[in-house]
Each structure stands twice: as structure tokens, then as C-alpha cells.
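This is what each chain is made of:
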Amino acid sequence: VPLAILAWALMYQSGVHATVAGVLMGMTVPARQRHDEHHQMTHAFVAKVDPISKAVALPVFAFFAAGVTVVGGGGLGQMLGHPVSVGVVLGLVLGKPIGIWGGTWLLTRVTPLRLPGGVDMPDLLGVSMLAGIGFTVSLLIANLSFLPEDPVSNYARLSVIIGSVVSALLAAVVLRLRVRTLVRGNPEHTT
């Protein structure tokens, strides 16, 4: 870890993108299993680093890569109350599930198309809510829609992140409730 931090700092100071240091450090981990090990060292690293990466590093990276500034611009309350912010959040949290779930419902009602066996509309509701997480394209569209110096551009980027987090939380709740409903309905099934 100290070597990785040093490599990152030096790479950053050199002007090369600091993620190159992470790639180079990853290539130094032996990928072959040694005779005295039960598992490859790469698997052990993944098991230890993966939870920290998913819970801390990835969200922080996404926030900073989005270029969101939460200081200035009239404060967080003004940013979140702006029509662009409200539209972006509602588009991700409500628009995507309405489009996916509603479109599927309509197609299965008016055409011969059907959902595959074992999948029904309540299952699809939680999955369609997950579509609000896809913030990469949303950030791209926000950046293309507004001039970089326009404060509304910052509002849109912050709203994409907020909408993605809200979508993820709501989808997790809906999917968990769906699993509980299915387990209660099938006493032989255990999770």
C-alpha cells in the first residue's frame, strides 16, 4: 500500500493520469499460484480490495470525474431546486422505469410478445429502476447540453449523481421486497 500511494503521487505529479499508477501496480501482483498458497494472490487482493473499491473508491471517483462543484452557485438548495436538476432527477428515478416497465407492459398486452418463463412484471419493476443508475451517458448528455461555464451544467451533473444514487436505493428496496414475497410464496425456497 505505501508503494502504491507513492507511485500514485509521483505519477500525479508527473502530469500523467494517476490511474496509470494503479494499472502498473496491478501488473506487479503475481498471477500464478505459488506452491505454498491455497489461492492465487490476485484472488486474495480482489477479495480484500473489492468491497472498499465498490463502496468508497468508485463513488468518490465518479463524483470527482463528473466535475461537480457543490460550493458556490447559490448553494446546494438552489442547485437542487432548479428546474434542470428536478428534471434530471425525475428523468432518472421515474422516467427510466416508466419507459422500460411501461413499454414492456404495453408490448406484452398488445402484441404476441411475452416475458420469458420465470419473469413477470413485478420482477421487471425493480430491474427497470436499476436503469436510472447509468450515469455515464447521462453525464455525457448533460455536458453536451450546456456550456461548461453555465452554472446549469453543474446542476445537471450533480443531479445525475443524485438521481443515480436514489435509483439504486429504490431498486434495492423494490428487489429485496420482491425476493421476500417470492420466498414467502414458496416455503421450499431458501435464500
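Source: prediction; values computed, not measured. (Residues numbered from 1 in each chain as written. Predicted model: local features only at pLDDT ≥ 70, side-chain atom pairs only at ≥ 80, totals over all residues. Heavy atoms only, no water.)

We now examine the pattern of salt bridges. Under the definition given, this model contains three salt bridges. As a salt-bridge pair, R178 and D120 come within 2.9 Å of each other at their nearest N and O atoms. Residue R178 is found in helix 8 (residues 151-185), and its partner D120 is found in the loop between helix 5 (83-110) and helix 6 (121-130); the two are separated by 58 residues along the sequence. For R178, a relative accessible area of 17% puts it in the buried group. Judged by relative accessible area, D120 falls into the partly exposed class, the value being 32%. With its nearest N and O atoms 2.7 Å apart, the salt bridge here joins D123 to R178. Of this pair, D123 sits in helix 6 while R178 sits in helix 8, placing them 55 residues apart in sequence. (Salt bridge = Lys/Arg side-chain N within 4 Å of Asp/Glu carboxyl O. Helix = DSSP H or I, 4+ residues; strand = E, 2+ residues; numbered from the N terminus. Buried < 20%, exposed > 50% of the residue type's maximum accessible area, 1.4 Å probe, protein only.)

Here we come to helix 7 (residues 135-145). Along an α-helix, residues three or four positions apart point the same way, because every turn accommodates 3.6 residues. When helix 7 is considered as a whole, its buried residues turn out to be S138, L139 and A142. Seen along its axis, helix 7 keeps its buried residues to an arc of 100 degrees; they face one direction. Set apart from the buried face of helix 7 by more than 90 degrees, the exposed residues are T136, V137 and L144. Here the buried face of helix 7 lies against helix 5 and helix 8. (Arc of directions from axis to C-beta. Contact = heavy atoms within 4.5 Å.)

Checked against the element boundaries, S85 lands in helix 5. When its relative accessible area of 1% is taken as the criterion, S85 is described as buried. In terms of polar contacts, S85 uses its side chain to reach the side chain of S159, at 3.1 Å. Residues contacting S85, with those up to four places away along its chain left out, are M79, L80, Y155 and S159. (Polar contact = N/O pair within 3.5 Å; in protein donor to acceptor, adjacent residues only side chain to side chain.)

For the rest of this paragraph, the subject is the packing of helix 5 against helix 6. Remark: helix 5 packs on helix 6, axes separated minimally by 8 Å, with the N-to-C direction vectors making an angle of 150 degrees. What the angle tells us is that helix 5 and helix 6 run roughly antiparallel. When the axes of helix 5 and helix 6 are compared, the crossing they make is right-handed. Each of K96, P97, I100, W101, T104 and W105 in helix 5 lies in contact with helix 6, whose residues at this interface are M121, L124, L125, S128 and M129. When grouped by side-chain class, the residues that make up the contact of helix 5 with helix 6 number eight nonpolar, two polar and one charged. (Axes fitted to C-alpha atoms, helices over the stretch in contact; angles between N-to-C directions. Parallel < 35°, antiparallel > 145°, perpendicular 65-115°, else oblique. Left-handed = near helix turned anticlockwise from the far one by under 90°. Nonpolar A, V, L, I, M, F, W, Y, C, P; charged D, E, K, R; others polar.)

Applying the stated rule across the entire model yields one aromatic pair. A ring pair is formed by W8 and Y12, whose centres lie 5.5 Å apart and whose planes are at 10 degrees; its orientation type is stacked. Within this pair, W8 and its partner Y12 are both found in helix 1 (residues 2-14), separated by four residues, close to a single helical turn. For W8, a relative accessible area of 45% gives the class partly exposed. (Phe/Tyr/Trp six-rings, centres within 6.5 Å; stacked < 30°, edge-to-face > 60°.)

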